[in-house]
Amino acid sequence: MQNADFSRNLLQWYQHHKREMPWRGELDPYKIWVSEIMLQQTRVDQATPYFQNFISLFPTVYDLADADQQQVLKAWEGLGYYSRARNLHTAAKTVVEEYNGKVPESYDEIIKLKGIGPYTAAAVTSIAFNAPNAVVDGNVIRVLCRYFGIEDDTRSSKTSRMIQEEADELIDPEHPGDFNQALMELGSEVCTPTNPDCENCPVQAGCIATKMSKTEVIPYKSPAKKKPHHIIGVGIVENEEGQVLIALRPEEAMLGGLWEFPGGKQKEDETISETVERELHEELGVEVKAYKELMSLKHAYSHFSITMHAWFCKLVNGTPSPKESQEIKWVKTEELERYPFPKANKVLTERLINDKN
Ligand code: SF4
């Protein structure tokens, strides 16, 4: 199958099968950019309500640039990978300050913005500005590996380069935005990880994997390294007014700019209540007594997972100060929902609010 036939068949299929999404058909480069950042690590159905809320709060790049970081993180709460929100916020300020509020049109300019890598640069410039830059995401990798019969390990950078080259060759220079979206849609809806619907695939005639009955073994990905698991102890310190103590994570740390209950990793030969007491001493410079466990929960991040144990603590000695955080605050339980928390801490705040009611 020639490239032109591949493109024609794909685009025809896309016209009839594309799913409705709030950013589809959007011409505003800012909104396309926001949608692409949200979709980096998030499924469409999960991202959709966040996108709508985010755009209603920050309808233009100026609104986002003017916003307080806490507002931006609150709008992102629950979506994970919070550096995306912090970087988007920083980049919005750059666009306002250095580009007069206009999202840069060229790939080489847009990729200089914080949080924009090759994928997002190609997606935004192709969809918003019709530039022939091919996107390669997990869906595109699967379709192209099968179509071209690429059996190499998709974890290797050599294979990634090869797939990018194939995508660059294949992209329709007349309709690059639609082509990119169509290829991703094909991977998501037809060329699925298991049981691809080859009978209804618009590019089946040229597909090597289907001809060789290898769709179940292509693409190949070598096994991932096992993720470490940590046991975490956190303290819920209450004062006489019934307020609890929360801390603002350092700006550059993972989950930076979000609030949390102070705590940290359990060491060997330590009980979990000892962990909580030691961690609060290190983080707040106080002595506490961890006297009762409220709850425990498991949570998985991209590179590790945790079991978090939350303990009520009594202040025994000292006045808390932010030794390892940007700031600490005493907050009434019912006011906790005003602050952005990462997922595991959010579950904890909800439990505290429910128990109070
Ligand atoms: S024919 Fe099957 S394996 Fe090949 S691209 Fe289409 S859906 Fe994927």
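Keep in mind it's a predicted model, so treat the numbers as computed, not measured.

> Would you take a moment to explain the nonpolar core for this structure?
One broad rule of soluble globular proteins: the nonpolar side chains tend to lie buried together. Among the nonpolar cores identified, the biggest contains 61 residues, and Tyr30, Trp33, Phe54 and Phe261 are the most heavily contacted of them. The leading source of residues in this core is helix H2 (residues 29–39), at six residues. When residues of this core are assigned to domains, at least three map to each of domain 1 (3–211) and domain 2 (229–356). Look past the residues within four positions of tyrosine 30 in its chain and what remains in contact with it is Phe54, Ile55, Phe58, Pro59, Thr60, Val61, Leu64 and Val103. Of all hydrophobic cores here, the second largest spans 32 residues; its members include Val135, Val136, Val140 and Cys145.

> Explain the sheet that holds strand S5 (residues 287–300) to me, please; I cannot follow it from the model alone.
Note: strands within a sheet are paired through backbone hydrogen bonds, in either parallel or antiparallel orientation. With respect to topology, four strands assemble into an open sheet ordered S4-S1-S6-S5, the strand pairing being mixed. One side of each edge strand has no neighbouring strand; the edge strands of this open sheet are strand S4 (263–265) and S5. Averaged over all pairs of adjacent strands, the angle between strand axes in this sheet comes to 20°, irrespective of strand direction. With three bridges connecting them, strand S1 (residues 229–237) and S4 associate as antiparallel partners. Across the sheet, the residue bridging to valine 234 is glycine 263, located in S4. Where helix H13 (residues 272–284) meets the sheet, it contacts S1, S4, S5 and strand S6 (305–317), and its direction lies at approximately 65° from that of S1. Across the sheet, helix H14 (residues 343–356) is in contact with S1, S5 and S6; its angle to S5 comes to roughly 120°.

> Please clarify how the UniProt feature "binding site: 8-oxo-dGTP" (unreviewed entry) in the protein chain should be interpreted in this entry.
Under the present numbering, the feature "binding site: 8-oxo-dGTP" (unreviewed entry) in UniProt falls on Arg249, Glu260, Phe261, Pro262, Gly263 and Asn345. On the basis of their most widely separated C-alpha atoms, the annotated residues across 97 residues gather in one place, lying no more than 12.2 Å apart. Mapped onto the fold, glycine 263 is located in strand S4. Overall, the relative accessible area of 13% leaves glycine 263 in the buried class. Residues in contact with glycine 263, not counting those within four places in the same chain, are Gly233, Val234, Glu279, Leu280 and Glu283.

> When you look at the site of the ligand in this model, what are you seeing that I'm missing?
Surrounding the ligand, one finds Arg146, Val190, Cys191, Pro196, Cys198, Cys201, Gln204, Cys207, Thr210 and Thr215. For the shell around the ligand, the class distribution of residues is six nonpolar, three polar and one charged.

> What am I meant to see in the pattern of salt bridges here?
Tallied over the full model, the rule gives 17 salt bridges. Each of Arg19, Arg24, Glu185 and Glu189 takes part in salt bridges that share partners, so that together they form one network.

> What exactly am I supposed to notice about the domain arrangement of the protein chain here?
Many descriptions give the size of an interface as the accessible area lost when the pieces come together. Taken domain by domain, the protein chain comprises domain 1 (3–211) and domain 2 (229–356). One C-alpha centre belongs to domain 1, the other to domain 2, and the line joining them spans 37 Å. Each side of the interface is counted separately: domain 1 has nine residues, and domain 2 has 17 residues. Buried area between domain 1 and domain 2, both sides added, is near 980 Å², and the carbon and sulfur share of it is 44%.

Conventions adopted
Residues numbered from 1 in each chain as written. Predicted model: local features only at pLDDT ≥ 70, side-chain atom pairs only at ≥ 80, totals over all residues. Heavy atoms only, no water. Core = buried A, V, L, I, M, F, W, Y, C linked by side-chain atoms within 4.5 Å. Buried < 20%, exposed > 50% of the residue type's maximum accessible area, 1.4 Å probe, protein only. Helix = DSSP H or I, 4+ residues; strand = E, 2+ residues; numbered from the N terminus. Domains from an automatic or database assignment. Contact = heavy atoms within 4.5 Å. Pairing = 2+ DSSP bridges. Axes fitted to C-alpha atoms, helices over the stretch in contact; angles between N-to-C directions. UniProt positions renumbered as here; feature names shortened; annotations may be inferred. Near = heavy atom within 4 Å. Nonpolar A, V, L, I, M, F, W, Y, C, P; charged D, E, K, R; others polar. Salt bridge = Lys/Arg side-chain N within 4 Å of Asp/Glu carboxyl O. Buried area = accessible area lost by both parts, 1.4 Å probe.

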